[in-house]
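# Examination of the molecular architecture
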Amino acid sequence: MQSFRLTLSRSVRTIMKKKYAIYKSETGYYYYEYYDTLEALKGTKFDGIVTEDKLPVVLDNTGGYYHFTEDDFMFDRLVECEGCPLKLEQMFFKNQDCFKLGWMSPEGDTYSCDYTSHTKAAIMIAEKFFGKVKYPERTLGKAGWLKIIDSWDGTQREHGQFVYSLTGRITKRQADRLFDLGLYANKEVKSMIDECEQNW
């Protein structure tokens, strides 16, 4: 009986494994679900839509799919695993030298993301440090995390960076890191430093 349970649990675990195509961007790795057989697509909304000649395919996280090719210059590797195939620091590079946009912890650690990934990054960061929460961005903000976003309004010559603090406060370590990143002179950063430096 016990060996039957072990066999059953192993087979359930095998069924739960998925294949993923991993890609690399400037700010971190990302992944798409990868399917190379019609059998694997059973139970998905693409069952009966994707035909044999279209395989292999990846689901693009926006409700669509496209034909997979290893020639995609951002493609890195295929993996098979249970759950999320990438960790926080892989998806949002930690303390990247060329950090531009993303999140900064009260200790000054940065997590890079692109223009549109702040919410996704916040979900993973909040889950790692605070567990599952209803409002990840608000949770980070209340805990003293800074959100560095693009400040381009569509008319400026170049994109800038705006440093947002939900609490209006900043730590010494954050100020030091912002100095290293060339953001010390930002109007909002100066204002927060003036407000907080007497408490450091």
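Worth saying up front: this structure is predicted, and the values here are computed from it rather than measured.

## Regarding helix α6 (residues 172–180)
Within α6 the residues assigned to the buried category are Gln-174, Ala-175, Arg-177 and Leu-178. Buried residues along α6 cover an arc of 165° about the axis, so they all sit on one side. The outward face of α6, more than 90 degrees from its buried face, is lined by the exposed residues Arg-173, Phe-179 and Asp-180. For α6, the elements touching its buried residues are β6 (102–104), β7 (110–112), β8 (146–150), β9 (161–165) and α7 (187–196). Phi for Gly-182, located one or two positions after α6, is positive at around 80°.

## Description of the environment of Lys-172
Looking at the element boundaries, Lys-172 is found in helix α6. Lys-172 sits in the partly exposed class, given a relative accessible area of 40%. Sequence separation of Lys-172 and Gly-108 is 64 residues, and the distance between their C-alpha atoms is 8.5 Å.

## A few points about the sheet that holds strand β2 (residues 29–35)
The strand order β4-β3-β2-β1-β5 describes an open sheet built from five strands, whose pairing is antiparallel. Only two strands of the sheet have a single partner each, and these edge strands are β4 (65–67) and β5 (75–81). Across the sheet, the mean angle from the axis of one strand to that of its neighbour is 35°, orientation sign disregarded. Sheet topology places β2 next to strand β3 (residues 57–59); three bridges connect them, and they run antiparallel. Within β3, the position partnered with Tyr-35 by the bridge is Val-57.

## Observations concerning the pairing of β8
Bridge count for β6 against β8 is three bridges, and the pairing is antiparallel. Counted as the bridge partner of Trp-103 is Lys-147 from β8.

## Details of a nonpolar patch on the surface
On the surface, Phe-162, Tyr-164 and Leu-166 cluster together to form a nonpolar patch covering roughly 240 Å² of accessible area. Using a relative accessible area of 33% as the deciding quantity, one classes Leu-166 as partly exposed.

What counts and how
- Residues numbered from 1 in each chain as written.
- Predicted model: local features only at pLDDT ≥ 70, side-chain atom pairs only at ≥ 80, totals over all residues.
- Heavy atoms only, no water.
- Buried < 20%, exposed > 50% of the residue type's maximum accessible area, 1.4 Å probe, protein only.
- Helix = DSSP H or I, 4+ residues; strand = E, 2+ residues; numbered from the N terminus.
- Arc of directions from axis to C-beta.
- Contact = heavy atoms within 4.5 Å.
- Pairing = 2+ DSSP bridges.
- Axes fitted to C-alpha atoms, helices over the stretch in contact; angles between N-to-C directions.
- Patch = residues over 30% accessible without salt bridge, like charges linked within 9 Å, V, L, I, M, F, W, Y side chains within 5 Å.
- Areas by Shrake-Rupley, 256 points an atom, 1.4 Å probe, with all protein chains shown as cover.
- Salt bridge = Lys/Arg side-chain N within 4 Å of Asp/Glu carboxyl O.

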